[in-house]
Each structure stands twice: as structure tokens, then as C-alpha cells.
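# Structural overview
Chain residues, written in single-letter form:
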Amino acid sequence: MSGEWPCCAEPLPEEVRRGLEQFNAGEYFEQHETLEHAWRAETRPVRELYQGILQIGVACYQIQRGNYAGALKTLRRGLAHLAPVPNRCQGIDVARLREEALQLLRQLEELGPEGCQRIDERQFPRVIFAP
């Protein structure tokens, strides 16, 4: 999380904003499609942010479907993508998202393979970003 990325000072691209709105609305399949297009088109380091959010959304989708192994894998991937991202980037509170995703990962690990059904979706991470 050290170092600054000049692209973090830029406004949030409209396509990414749409993906974040889908994420926060629980539209995890849709956010995947939207953010995948954005991260594939981006060549700068900020693509790690988009891919990390996408992966965390996919993990939430996997939890909803009861896929414990898939949820663990994608949560860990998402957190790995977010690790190098500054705490705030393009108006997104990355530090908070990392913390919420880590809490979800810990909860999932504690509950074990049968635990997907016991996770309250209100505890899923939300992406806080500037309007």
C-alpha cells in the first residue's frame, strides 16, 4: 500500500462507477461483466483495483450459490489484487473494502464448507466511493 499511483487522483470512470453500483446492489454477476470489461481495457496499475473488486463480488456470488471452495479462492484473489492499491483510489475507500473482505474471509474460514448458508448477505462488503 506504499507509493502513490497518479491514476488514483483521476475521477472514477463511468463504466467502473456502474460496476460499483451493481456490486453494492448485490448484482454480482452483472458487476463481473461490467468490471471485467473495465479492467481488461485498463493497462495501468489501477486495473488491480478493478480486478480486486470484481473478484470480491464473484466471491459473494459464490457464497450465495453455496460454493465454499470457489468463494474462498476468489476472496483470496480479490484481496491479493487489492493489496498493492493505495488506501484511497479514484474516490474509492480501498482500505475499508480490504477490511470488510478480510472479515468475510475470516468468517467463511471459521464456518467451514457448510457455512455458506449461514452468512448473512448484509455482511457482504460494500464499495464506498465518492459520488
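Up top you'll find the structure we're talking about.
Below is a short write-up of the structure. Numbering of residues starts from 1 in every chain and runs along the sequence as written. In view of the model being predicted, local features appear only for residues whose pLDDT reaches at least 70, and side-chain atom pairs are presented and counted only at 80 or more, with totals across whole chains, interfaces and linings using the full set of residues. For the side-chain quantities, the full set of heavy atoms in the structure was used; hydrogens and water were omitted.

### Some words on the packing of helix H4 (residues 68-82) against helix H5 (residues 94-111)
Contact geometry for H4 and H5: axes closest at 10 Å, N-to-C directions at 155°. As far as their axial angle goes, H5 and H4 are roughly antiparallel. Here H4 and H5 pass one another in a crossing that is left-handed. Contacts between H4 and H5 involve Tyr 68, Ala 71, Leu 72, Leu 75, Arg 76, Leu 79 and Leu 82 from the first element and Val 94, Leu 97, Arg 98, Ala 101, Leu 102, Leu 104, Leu 105, Leu 108 and Glu 109 from the second. For the contact of H4 with H5, the class distribution of residues is 13 nonpolar, no polar and three charged. In this analysis an axis means a line fitted to C-alpha atoms, helices contributing only their contacting stretch, and an angle means the value between N-to-C directions, from 0 to 180 degrees. Strands are runs of DSSP state E lasting at least two residues, helices are runs of H or I lasting at least four, and both sets are numbered from the N terminus onward. Should an angle fall under 35 degrees it is called roughly parallel, over 145 degrees roughly antiparallel, and 65 to 115 degrees roughly perpendicular, with every other angle called oblique. Handedness of a crossing is defined here by the sense of rotation of the near helix relative to the far one, left-handed for an anticlockwise turn of less than a right angle and right-handed for a clockwise turn. Two residues form a contact once any of their heavy atoms are found within 4.5 Å. Under the scheme applied, nonpolar residues are Ala, Val, Leu, Ile, Met, Phe, Trp, Tyr, Cys and Pro; charged residues are Asp, Glu, Lys and Arg; polar residues are all the others, including Gly.

### Quick word on the nonpolar core
Take the buried residues of types Ala, Val, Leu, Ile, Met, Phe, Trp, Tyr and Cys, join any two whose side-chain atoms come within 4.5 Å, and each joined set is a nonpolar core. Residue exposure (1.4 Å probe, protein chains only): buried if accessible area is under 20% of the type maximum, exposed if over 50%, otherwise partly exposed. In terms of nonpolar packing, the biggest core is built from 41 residues, with Leu 49, Ile 53, Ile 92 and Leu 108 touching the most fellow members. When residues of this core are traced back to their parent elements, those giving at least two are helix H1 (14-24), helix H2 (28-41), helix H3 (47-64), H4 and H5. Sequence-distant contacts of Leu 49, defined by excluding residues within four places in its chain, comprise Leu 82, Val 85, Cys 89, Ile 92 and Val 94.

### Considering the state of the cysteines
Two cysteine sulfurs form a disulfide in these notes if their separation is within 2.5 Å. Across all of its chains, the model carries one disulfide by this definition. A sulfur-sulfur separation of 2.0 Å characterises the disulfide bridge that pairs Cys 8 with Cys 89. Disulfide Cys 8 to Cys 89: torsion about the S-S bond roughly -90°, handedness left-handed. Separated by 81 residues along the polypeptide, Cys 8 in the segment before H1 and Cys 89 in strand S1 (residues 88-89) bring together distant segments of the chain. The pair formed by Cys 8 and Cys 89 is uniform in burial state, with each residue classed as buried. As a non-bridged cysteine, Cys 60 has Cys 116 as the owner of its nearest cysteine sulfur, 11 Å distant. Judged by its relative accessible area of 0%, Cys 60 is buried.

### Quick look at H4
Helix span is expected to be 1.5 Å times the residue number reduced by one. Compared with the 21 Å implied by 1.5 Å per residue over 15 residues, the 21 Å span of H4 between its first and last C-alpha is a close match. What H4 keeps buried is the set Tyr 68, Gly 70, Ala 71, Leu 72, Thr 74, Leu 75, Gly 78, Leu 79, His 81 and Leu 82. Residues of H4 that are buried in the fold lie against H3 and H5. Its side-chain oxygen at 3.5 Å from the backbone nitrogen of Ala 69, Asn 67 defines the N-terminal cap of H4. Polar contacts here mean pairs of N or O atoms no more than 3.5 Å apart (in protein, one a potential hydrogen donor and the other a potential acceptor; neighbouring residues in sequence count only if both atoms are side-chain atoms).

### Observations concerning the packing of aromatic side chains
In this analysis, rings of Phe, Tyr and Trp, with Trp reduced to its six-membered ring, are considered paired at centre separations within 6.5 Å, and the interplanar angle assigns stacked below 30 degrees, edge-to-face beyond 60, and tilted for intermediate values. Under the criterion given, the structure shown has three aromatic pairs. A centroid spacing of 6.2 Å and a plane angle of 50° characterise the contact between Phe 29 and Tyr 61, whose relative ring orientation is tilted. One end of the pair, Phe 29, is in helix H2; the other, Tyr 61, is in helix H3, with 32 residues separating them in the sequence. Judged by relative accessible area, which is 25%, Tyr 61 ranks as partly exposed.

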